[in-house]
Amino acid sequence: MKRLRLSLAMACFLGLARPGHSLTVAPATPDERVQNAAAICHATVLGAESFRSETDGGIYTRTRLRVDQAFKGKFPGTITMVHRGGRVGEEGEVSSDAPSLRVGDERLFLLGQRADGTLFVDNCPIGAPALARAGARTPAATATDPQAIALLSAARTRYPGATGPDLTTQAASLL
């Protein structure tokens, strides 16, 4: 009897259930990601500081970067990018969109630009793959990660002359 009731309940549930709809989005190709980025550069992390925003009260981190090579956009020698998350005093905030960066890291930065002009890593964390300098005397970057290699190749192919937006007003202040 219990089995009959359970079977009847399951049949009613399945009969009344509406078909679900799912959305599948194909991942962007490296060429599409390069094209969609506002600016792209090979840069080295110089420092970072966290702060509390007066606008929304959230904790953010400013990261200062030395631009080693521009692929898309015209850059000053150093830039600042801002992302959500960080630590201020005893309080901390974590964001899945924040890159995990350390001083000295060399990365290929696919950057976005907010309406207020601040820069951020686009499509983090895959928007800042690790790179290494090819040699002490050259600014050329190399990569070993297949995604980073594909992005670097797409950036070099699509933007061989560092064309793109003028970000020279984004020069980093000292941290």
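Keep in mind the model is a prediction, meaning the values are calculated, not measured.

### A few points about the environment of Gly92
Then comes step 1: Relative to the assigned elements, Gly92 resides in strand S5 (residues 91-93).
Then comes step 2: For Gly92 and Ser50, which are 42 residues apart along the polypeptide, the C-alpha to C-alpha distance reads 9.5 Å.
Then comes step 3: Those residues in contact with Gly92 that lie beyond four places of it in its chain are Ile59, Gly86 and Arg87.

### Things to note about the nonpolar core
Then comes step 1: With 16 residues, the main nonpolar core has Cys41, Leu65, Phe75, Ile79, Met81, Phe109 and Leu111 as its most contacted residues.
Then comes step 2: Of all the elements in the fold, those that place two or more residues in this core are strand S1 (39-52), strand S2 (59-72), strand S3 (78-84), strand S6 (106-113) and strand S7 (119-121).
Then comes step 3: Here the element with the most residues in this core is S1; it accounts for four residues.
Then comes step 4: Residues in contact with Cys41, not counting those within four places in the same chain, are Val67, Gln69, Ala70, Phe71, Phe75, Ile79, Arg107, Leu108, Phe109 and Leu111.
Then comes step 5: Counting residues in hydrophobic clusters, the runner-up holds twelve residues, among them Leu151, Ala154, Ala155 and Tyr159.

### Some thoughts on the pairing of S2
Then comes step 1: Of all the 14 residues making up S2, ten are buried; the element is thus mostly covered by neighbouring parts of the structure.
Then comes step 2: Following S1, the chain reverses through six residues before pairing antiparallel with S2; Gly57 in that reversal takes a positive phi of roughly 80°.
Then comes step 3: If you look at the hairpin formed by S2 and S3, you'll find five residues sitting between the two strands, and Gly73 has a positive phi there, around 110°.

### Section: the pattern of salt bridges
Then comes step 1: Enumeration over the complete set of coordinates arrives at six salt bridges.
Then comes step 2: A salt bridge links Asp105 to Arg107; the nearest nitrogen and oxygen atoms lie 3.3 Å apart.
Then comes step 3: We classify Arg107 as buried; its relative accessible area is 15%.
Then comes step 4: What emerges from the salt-bridge pattern is a single network uniting Asp56, Arg84 and Glu93.

Conventions and cut-offs
- Residues numbered from 1 in each chain as written.
- Predicted model: local features only at pLDDT ≥ 70, side-chain atom pairs only at ≥ 80, totals over all residues.
- Heavy atoms only, no water.
- Helix = DSSP H or I, 4+ residues; strand = E, 2+ residues; numbered from the N terminus.
- Contact = heavy atoms within 4.5 Å.
- Core = buried A, V, L, I, M, F, W, Y, C linked by side-chain atoms within 4.5 Å.
- Buried < 20%, exposed > 50% of the residue type's maximum accessible area, 1.4 Å probe, protein only.
- Pairing = 2+ DSSP bridges.
- Salt bridge = Lys/Arg side-chain N within 4 Å of Asp/Glu carboxyl O.

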